[in-house]
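Given next are the chains, with one letter for each unit.
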Amino acid sequence: MKVLIDLDTTQAHQRLTIDTTGSAKSGLRGSISIPGDKSISHRALMLGSLAEGETRIRGLLLGEDPRSTAACFRAMGATISDLNSDLVCVQGIGLGNLMEPQDILDAGNSGTTMRLMLGVLASHAGRFFVVTGDRSLRSRPMSRVVNPLRQMGASIWGRESGAKAPLAISGQNLLPMRYNSPVASAQVKSCLLLAGLMTNGETIVTEPERSRDHSERMLAAFGADLTVDVSTNTVSLKGPARLIAQEITVPGDISSAAFWLVAGSIVPDSDLLIQNVGVNPTRTGILEALAAMGADITLENAREVTGEPVADLRVRSTKLKACKIGGGVIPRLIDEIPILAVAAAFAEGTTIIEDAAELRIKESDRIAAMAKELSKLGVNISELPDGLEIKGGNPLVGDAVDSYDDHRVAMSLAIAALMADGKTVIDRAESAAISYPSFVPTLRQVCV
Ligand code: S3P
């Protein structure tokens, strides 16, 4: 498929133009590799910093978010080599040994950095920390981790009684706790497990639905004494723990692969091979949803890489049909809903996405953002309080759209633009670099 792809980097905000005028009507082709998993990259840097010895990380995501995590832990004494995807070496300083940073810790745009790190900071007794983030992160709710941490004995202050960053933390000796989380959130679960590492006793977290389990897998690999009861969505961690440095290979991020899974499905005559994708069952909701829509996706060469299941995914275009997405699958595809909305725009019938109110408090309000921006391209889409309703089949026409500084909104709109008539211009497209710095080069590669 020959389309004109132009990234204007001369302005403060980058504009990505995708122009399908007169494009040759061939499909997307080729074999692509995708960058490392964002969730696993954060955890590898954090646990590596807290462990004893040298952790070696291969395949780290070089996006802005993991860079924020690395900068924070460097400021607290961990030695982390220059970030590259071949090999990053982290000299851990051992649990409890983080140094008081000389300046404010900046989590940038990254909710995972801030929420997971709060568990670590709150449990480092005798040290004082201040954490902030960009405008989006400072507007996101921190009470979901601050409140349970306070129940463990944490001292945390911030705007709106500690609900919003900047936050100040005076590290304490925390007590273990049993916590029934009202939200299925890997960030909440992971924060509390990290806080439990230095407590005397068992920290037990139960969640209403199963969220991603990368923390559980990696903590166990680093030597923490941890049990998981999948029948009750409960994780128990026995403190105090000792973490021992590990060799980690980060698989490709299924959340980044999702853009190509949908692009390959909706652009006629496509055939794409996406190599080395993490297919942890707590992340594969996107594969289930696309299967329910009739997509043609096959898993090849399934294997395990440092405790995480990995496969190559092959996608060929098909006619999609509408489906209903809600309930327990939502936490397993929460980051893929913007691109699923694009898939739904090309599916026959009405797709309903519900039980996804969490989307309103991500990097942007992704329900409002996708409804507004896809409407501009001609999609028949409306907001539900907790999701979206999309009537598929309208022809799309290019227009000026906005990413809201949200990486997943920017990339989802770029995929929709491939099937819009004429020119689509996506403003603030640089946000893609949060999780996928090579998105535009890969877009050019598949549009041959
Ligand atoms: C993440 C968990 C999810 C997800 C985010 C990354 C993680 O957030 O949306 O992009 O790495 O733990 P919640 O746990 O808040 O749902």
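These lines cover the structure that appears in this document, whether it is placed above or below.

Rules of the game
Within any chain, residue numbers begin from 1 and follow the written order of that chain's sequence. Thresholds applied to this predicted model are a pLDDT of at least 70 for local features of residues and 80 or more for the giving and counting of side-chain atom pairs; totals over whole chains, interfaces and linings are not thresholded and use all residues. The basis for the side-chain values is all heavy atoms of the structure; hydrogens and waters are excluded. Geometry is summarised by axes, namely lines fitted to C-alpha atoms with helices restricted to the contacting stretch, and by angles between N-to-C directions that run from 0 to 180 degrees. Numbering of helices and strands runs from the N terminus; a helix is a DSSP stretch of H or I covering at least four residues, while a strand is a stretch of E covering at least two. Between 65 and 115 degrees an angle is taken as roughly perpendicular, under 35 as roughly parallel, over 145 as roughly antiparallel, and anywhere else as oblique. In this scheme the crossing of two helices becomes right-handed for a clockwise turn of the near helix relative to the far one and left-handed for an anticlockwise turn of less than a right angle. The contact criterion used is simple: two residues touch if any of their non-hydrogen atoms lie within 4.5 Å. We call Asp, Glu, Lys and Arg charged. Ala, Val, Leu, Ile, Met, Phe, Trp, Tyr, Cys and Pro are nonpolar, and the rest, Gly among them, are polar. Criterion used throughout: strands pair if DSSP finds at least two bridges between them. We call a residue near a molecule or strand whenever a single non-hydrogen atom of that residue lies within 4 Å of it. Whenever a nitrogen or oxygen atom comes within 3.5 Å of another N or O atom, the pair is scored as a polar contact, on the condition that within protein one atom can donate a hydrogen and the other can accept it, and that pairs from neighbouring residues in sequence are kept only if both atoms are in side chains. Only the protein chains shown count as cover for residues, and the accessible areas themselves come from Shrake-Rupley with a 1.4 Å probe.

Remarks on the packing of helix H2 (residues 64–75) against helix H3 (residues 111–122)
Here comes step 1: One can describe the packing of H2 onto H3 by two numbers: an axis separation of 10 Å at closest approach and a directional angle of 25°. Judged on the interaxial angle alone, H3 and H2 are roughly parallel. Once H2 is placed against H3, the crossing between them reads as right-handed. Here Asp 65, Ser 68, Thr 69, Cys 72 and Phe 73 of H2 lie close against H3, whose contacting residues are Thr 113, Met 117 and Val 120.

Digging into the packing of helix H1 (residues 38–50) against H2
Here comes step 1: Between H1 and H2, whose axes approach to 9 Å, the crossing angle comes to 10°. Classed by the angle they form, the pair H1 and H2 counts as roughly parallel. On the side of H1, the interface is formed by Lys 38, Ser 41, His 42, Leu 45, Met 46, Ser 49 and Leu 50, while H2 contributes Asp 65, Pro 66, Thr 69, Ala 70 and Phe 73.
Here comes step 2: The residue inventory of the contact of H1 with H2, partitioned by class, reads six nonpolar, four polar and two charged.

Thoughts on the sheet that holds strand E28 (residues 423–427)
Here comes step 1: Within the open sheet, the four strands sit side by side as E1-E2-E28-E26. Their pairing is mixed. Every interior strand has two partners, whereas the edge strands, strand E1 (4–8) and strand E26 (400–402), have only one. Neighbour to neighbour, the strand axes of the sheet diverge by 20° on average, direction disregarded.
Here comes step 2: Packed on one face of the sheet, helix H14 (residues 439–446) meets E1 and strand E2 (15–19) and runs near 165° to E1.

Examining the site of the ligand
Here comes step 1: Close to the ligand lie Lys 38, Ser 39, Arg 43, Thr 112, Ser 185, Ala 186, Gln 187, Arg 212, Ile 334, Asp 335 and Lys 362, which account for all nearby residues.
Here comes step 2: Ser 39 is positioned such that a nitrogen or oxygen atom in its side chain is 2.7 Å from an oxygen atom of the ligand.
Here comes step 3: Within the backbone of Ala 186, an N or O atom sits 2.8 Å from an oxygen atom of the ligand.
Here comes step 4: Alone, the ligand offers 390 Å² of accessible surface; in the complex the protein occludes 95% of this.
Here comes step 5: Secondary structure elements with two or more residues in the shell around the ligand: H1 and helix H7 (186–196).
Here comes step 6: Partitioned by chemical class, the residues of the shell around the ligand number two nonpolar, four polar and five charged.

A look at the sheet that holds strand E23 (residues 380–384)
Here comes step 1: Overall, mixed pairing links the four strands, which are arranged E20-E22-E24-E23 in an open sheet. The outermost strands of the open sheet, each flanked by one partner alone, are strand E20 (324–325) and E23.
Here comes step 2: Here E23 pairs with strand E24 (residues 387–391) via five bridges, running antiparallel. Counterpart to Glu 383 in the pairing with E24 is Leu 388.
Here comes step 3: Contacts from helix H12 (residues 366–376) reach E23 and E24 within the one sheet, and its direction differs from that of E23 by about 160°.

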